[in-house]
Amino acid sequence: QVQLVESGGGLVQAGGSLRLSCAASGSIFSILNAGWYRQAPGKERELVAIITGAGSTNYADAVKGRFSISRDNAKNSVYLQMNDLKPEDTAVYYCAIRQPGMFSWGNGTQVTVSS
């Protein structure tokens, strides 16, 4: 069993910043890829950013240059620094990790950006 706990969401004005954290616990053996997804009301869940075990990163076009994903393997944690937030970034943000034979989701944290 794997538990992922996200934190750091909240209400922020457009142009502001937030830093999301995700802490993994439980049956953690070897985190391959870790990522952040988001789901806005009425929309499908979409990939925001991903980081591989080697540290390579990839971002959705909508957040390139504004968001930055990082990980701390010693703490089994992954982070998402979000700068220059826009109202369209409003969504529930989910952390996810892939281990050999296993994919785990967190319960999400709400990010609301006011104009």
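Here the structure is shown first, and the text comes after it.
Residues numbered from 1 in each chain as written. Predicted model: local features only at pLDDT ≥ 70, side-chain atom pairs only at ≥ 80, totals over all residues. Heavy atoms only, no water.

Quick word on the side chain of R66
Of note, R66 is situated in the loop between β6 (57-59) and β7 (67-72). Taking relative accessible area as the criterion, R66 reaches 10% and is therefore assigned buried. For R66, the side chain forms a polar contact with the main-chain oxygen of A62, separated by 2.8 Å. Residues contacting R66, with those up to four places away along its chain left out, are Q81, M82, N83, D84, L85, K86 and D89. (Helix = DSSP H or I, 4+ residues; strand = E, 2+ residues; numbered from the N terminus. Buried < 20%, exposed > 50% of the residue type's maximum accessible area, 1.4 Å probe, protein only. Polar contact = N/O pair within 3.5 Å; in protein donor to acceptor, adjacent residues only side chain to side chain. Contact = heavy atoms within 4.5 Å.)

Digging into the packing of aromatic side chains
To describe a pair of aromatic rings, one takes the distance between the centres and the angle between the planes. Counting across every chain of the model gives 3 aromatic pairs. Between Y37 and W105, the aromatic rings sit 4.8 Å apart at their centres with planes inclined by 65°, giving edge-to-face as the arrangement. Here the residue Y37 occupies a position in strand β4 (residues 34-39), and W105 occupies one in strand β10 (residues 102-105), the gap between them amounting to 68 residues. On the accessibility criterion, Y37 (18% relative accessible area) is buried. Looking at W105, the relative accessible area reads 37%, which means it is partly exposed. Chaining the aromatic ring pairs together yields one cluster made of Y37, Y94, F103 and W105. The ring of Y79 carries the charged tip of R19 above its face, separated from the ring centre by 4.2 Å. (Phe/Tyr/Trp six-rings, centres within 6.5 Å; stacked < 30°, edge-to-face > 60°. Lys NZ or Arg CZ within 6 Å of the ring centre and 35° of its normal.)

The quantities given are spatial measurements derived from coordinates; they are silent on function.
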